Amino acid sequence: MSSALHVWTIYFDPRDFPGLYVARRFTISPDAPEPVPDAAPWSVATSLEAARVRLPTGLVRIERSLEDEPHIVECWV
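Owing to the predicted nature of the structure, the values given are computational and were not obtained by experimental measurement.

Student: Just checking my understanding: could you explain the pairing of strand β1 (residues 5-12) for this structure?
Tutor: Taken residue by residue, a regular strand's side chains alternate between the two faces of the sheet. Sheet topology note: the β1/strand β2 (residues 21-28) ladder contains eight bridges and is antiparallel. Among the inter-strand pairings, H6 is bridged to a residue of β2, identified as T27. As paired elements, β1 and strand β6 (residues 72-76) share four bridges and run antiparallel to each other. Bridge assignment links W8 to a residue of β6, and that residue is W76.

Okay, structure coming up:
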């Protein structure tokens, strides 16, 4: 039995939604070599706060890393 971990990444100003905050869910699974994104964005919002409140409750925020692409604001697990 394999278990998966979901990670929600919030982006600001991505190419497909300029000037907006976009939350995308990724699935990390032992069966896949890399995280797999959902087909569509989890949510699109005009502010960071609005993007955050649309995430599932009970998540923990992870600060962005210097190695992250510039559009990544933060991740939640």
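Student: Can you help me understand the side chain of R24 in this one?
Tutor: Of note, R24 is situated in strand β2. Taking the relative accessible area as the measure of exposure, R24 reaches 17% and is therefore buried. Only 2.7 Å separates the side chain of R24 from the side chain of D16, close enough to count as a polar contact. Once residues lying within four places of it in the same chain are set aside, the contact partners of R24 are V7, W8, T9, Y11, P14, D16, F17, P41 and W42.

Student: It is not clear to me how the environment of R52 should be interpreted in this structure. Could you clarify?
Tutor: With respect to the element layout, R52 can be found in helix α1 (residues 48-53). Taking relative accessible area as the criterion, R52 reaches 30% and is therefore assigned partly exposed. Measuring from C-alpha to C-alpha, the distance between R52 and A39 comes to 20 Å, with 13 residues separating the pair along the chain. Residue contacts for R52: discarding those within four places in its chain leaves I10, R61, E74 and W76. Within the structure, the side chain of R52 is placed 2.7 Å from the side chain of E74, a separation counted as a polar contact.

The rules we used
Residues numbered from 1 in each chain as written. Predicted model: local features only at pLDDT ≥ 70, side-chain atom pairs only at ≥ 80, totals over all residues. Heavy atoms only, no water. Pairing = 2+ DSSP bridges. Helix = DSSP H or I, 4+ residues; strand = E, 2+ residues; numbered from the N terminus. Buried < 20%, exposed > 50% of the residue type's maximum accessible area, 1.4 Å probe, protein only. Polar contact = N/O pair within 3.5 Å; in protein donor to acceptor, adjacent residues only side chain to side chain. Contact = heavy atoms within 4.5 Å.

All quantities given are derived from atomic positions and should not be read as evidence of function.
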